[in-house]
Amino acid sequence: MDIKQSGRAAAAITITIAQAEPLRGGHLRRLAIAFLIGLALYLAGRGPAFAAFDVPAGVQPGTIVISTSQRRLYLMGWDGPQVSYPVAVGKPGKQWYGWARIDGKHVEPAWSPPAEVRRDNPRLPDVIPGGSPRNPMGKRALTLDRDEIAIHGTNRPGSIGTFASYGCIRMHNRDIIDLYERVRVGTPVLVTR
């Protein structure tokens, strides 16, 4: 590189180039590979992941499809899945399949444990206020027209990707906030095996 400047600017450029020397060759390649691996891991957790997903017949754009076996939620677009999120689904014996509709949208909802949950954990309070770190509903909830079932955030992010709930669909809080903005009351939901 031919630098025709004098003084501090030339010295600064020389120092910057000298400091960049260790990144040449193998170091730069390892840095690029580390970046690509990190990007791939991020996309695997939140990204499209559409290749292994077969769209069920009759599903229209705007429908939410939840694949229980994949533990993923897909929001359908005109050409297949528009966006995909990892989710937690019902424990064995607590899963359900079929159609529902969103019948309510709630920001930081309070939670009253259903009777079945209360039987398994009688020390739960009658109500856990919205916004409480103990509230299992998280930042948003999309209630469904099925008994006490919702798609919601969680205070247990480690459960995402597992069979963990009493039938609700759990999402990372950042993901339920995103989905909440994309759907409306009346949106159809299909849960598949």
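Residues numbered from 1 in each chain as written. Predicted model: local features only at pLDDT ≥ 70, side-chain atom pairs only at ≥ 80, totals over all residues. Heavy atoms only, no water.

K.L.:
Quick rundown of the confidence of the model for the chain? Include the residues and the values.
P.N.:
When pLDDT is averaged across the chain, the result is 83; 73% of the residues are at 70 or more. Scored below 50 in pLDDT, residues 1-21 shows six contacts in the model against residues more than four places distant or in partner chains. Throughout residues 46-51 the model reports pLDDT below 50, and contacts reaching past four residues in sequence, or to other chains, amount to 19 contacts. (pLDDT = per-residue confidence, 0-100. Contact = heavy atoms within 4.5 Å.)

K.L.:
Before we move on, can you summarise the layout of surface pockets with the specific residues and values?
P.N.:
Looking at the largest pocket, its volume works out to about 750 Å³. Trp111, Pro114, Val117, Pro136 and Cys168 are, among the 33 residues lining the largest pocket, the residues nearest its centre. Taken together, the elements giving at least two residues each to the lining of the largest pocket come down to helix H3 (115-120), strand E5 (140-144), strand E6 (150-152) and strand E7 (163-165). When its residues are assigned to classes, the lining of the largest pocket shows 17 nonpolar, eight polar and eight charged. (1 Å grid on protein atoms, 1.4 Å probe; cavity = no way out; pocket = protein on both sides within 12 Å on 5 of 7 lines; lining within 4 Å. Points joined across faces, edges and corners; volume = space filled by probe spheres on them. Helix = DSSP H or I, 4+ residues; strand = E, 2+ residues; numbered from the N terminus. Nonpolar A, V, L, I, M, F, W, Y, C, P; charged D, E, K, R; others polar.)

K.L.:
Hey, could you go over unusual backbone geometry for me, with residue numbers and the actual values?
P.N.:
Here Glu108, not a glycine, exhibits a phi torsion of approximately 40 degrees, which is positive. Here Glu108 shows up in the loop between strand E4 (98-107) and H3. In this model, Glu148 sits at a positive phi of 50 degrees, which is unusual for a non-glycine residue. Structurally, the position occupied by Glu148 is in the loop between E5 and E6. Its relative accessible area of 57% is what places Glu148 among the exposed residues. (Buried < 20%, exposed > 50% of the residue type's maximum accessible area, 1.4 Å probe, protein only.)

K.L.:
So what's going on with empty space enclosed by the protein? Which residues, and what values?
P.N.:
Counting across every chain of the model gives one cavity of 30 Å³ or more. Size it by volume and the largest cavity reaches roughly 40 Å³. Tallied by class, residues from the lining of the largest cavity come to four nonpolar, four polar and one charged.

K.L.:
Please set out the nonpolar core residue by residue, giving values where relevant.
P.N.:
Within soluble globular proteins, side chains that are nonpolar generally end up buried alongside one another. Ranked by internal contacts, the top residues of the largest apolar core, which has 23 residues, are Ile64, Ile66, Leu73, Ile151 and Leu179. Of all the elements in the fold, those that place two or more residues in this core are strand E1 (64-67), strand E2 (72-77), strand E3 (80-90), E4, E5, strand E8 (169-171), helix H4 (173-182) and strand E9 (188-192). Counting residues per element, this core draws most heavily on E3, at four residues. Leu124, Ile128, Ala141 and Cys168 belong to the second largest nonpolar core, which has eight residues in total. (Core = buried A, V, L, I, M, F, W, Y, C linked by side-chain atoms within 4.5 Å.)

K.L.:
Residues and numbers for the pattern of salt bridges, please.
P.N.:
With the rule as written, the count across this model stands at five salt bridges. Between Glu116 and Lys94 there is a salt bridge whose closest N-O contact spans 2.3 Å. Taken together, the residues span a long stretch of sequence, with Glu116 in helix H3 and Lys94 in the loop between E3 and E4 at a distance of 22 residues. Judged by relative accessible area, which is 25%, Lys94 ranks as partly exposed. (Salt bridge = Lys/Arg side-chain N within 4 Å of Asp/Glu carboxyl O.)

K.L.:
Explain the packing of aromatic side chains to me, and be specific about the residues and the numbers.
P.N.:
Considering all chains together, one arrives at zero aromatic pairs under this definition. When the ring centre of Tyr180 is taken as origin, the NZ or CZ atom of Lys105, which lies over that ring, is 4.4 Å away. Positioned above the aromatic ring of Tyr180, the side-chain terminus of Arg140 is 5.5 Å from the ring centre. (Phe/Tyr/Trp six-rings, centres within 6.5 Å; stacked < 30°, edge-to-face > 60°. Lys NZ or Arg CZ within 6 Å of the ring centre and 35° of its normal.)

K.L.:
Residue-level account of H4, with values.
P.N.:
One full turn of an α-helix is made of 3.6 residues, so residues set three or four places apart face in the same direction. Within the span of H4, buried status applies to Asp175, Ile176, Leu179 and Tyr180. Buried positions in H4, seen along its axis, are confined to an arc of 135 degrees and lie on one side of it. (Arc of directions from axis to C-beta.)

K.L.:
Help me get a handle on the pairing of E3, residues and values and all.
P.N.:
A large share of E3 lies buried, amounting to 10 of its 11 residues. Across six bridges, E2 lies against E3 in antiparallel orientation. Paired with Gly77 across the bridge in E3 is Gly80. Counting the residues that bridge the hairpin from E2 to E3 gives two residues. In this structure, E3 lies alongside E8, joined through two bridges in antiparallel fashion. Residue pairing across strands places Ala88 opposite Arg170, the latter belonging to E8. Examined bridge by bridge, E3 and E7 share two bridges and lie parallel to one another. In the strand pairing of E7, Gly90 is matched with Ser165. (Pairing = 2+ DSSP bridges.)

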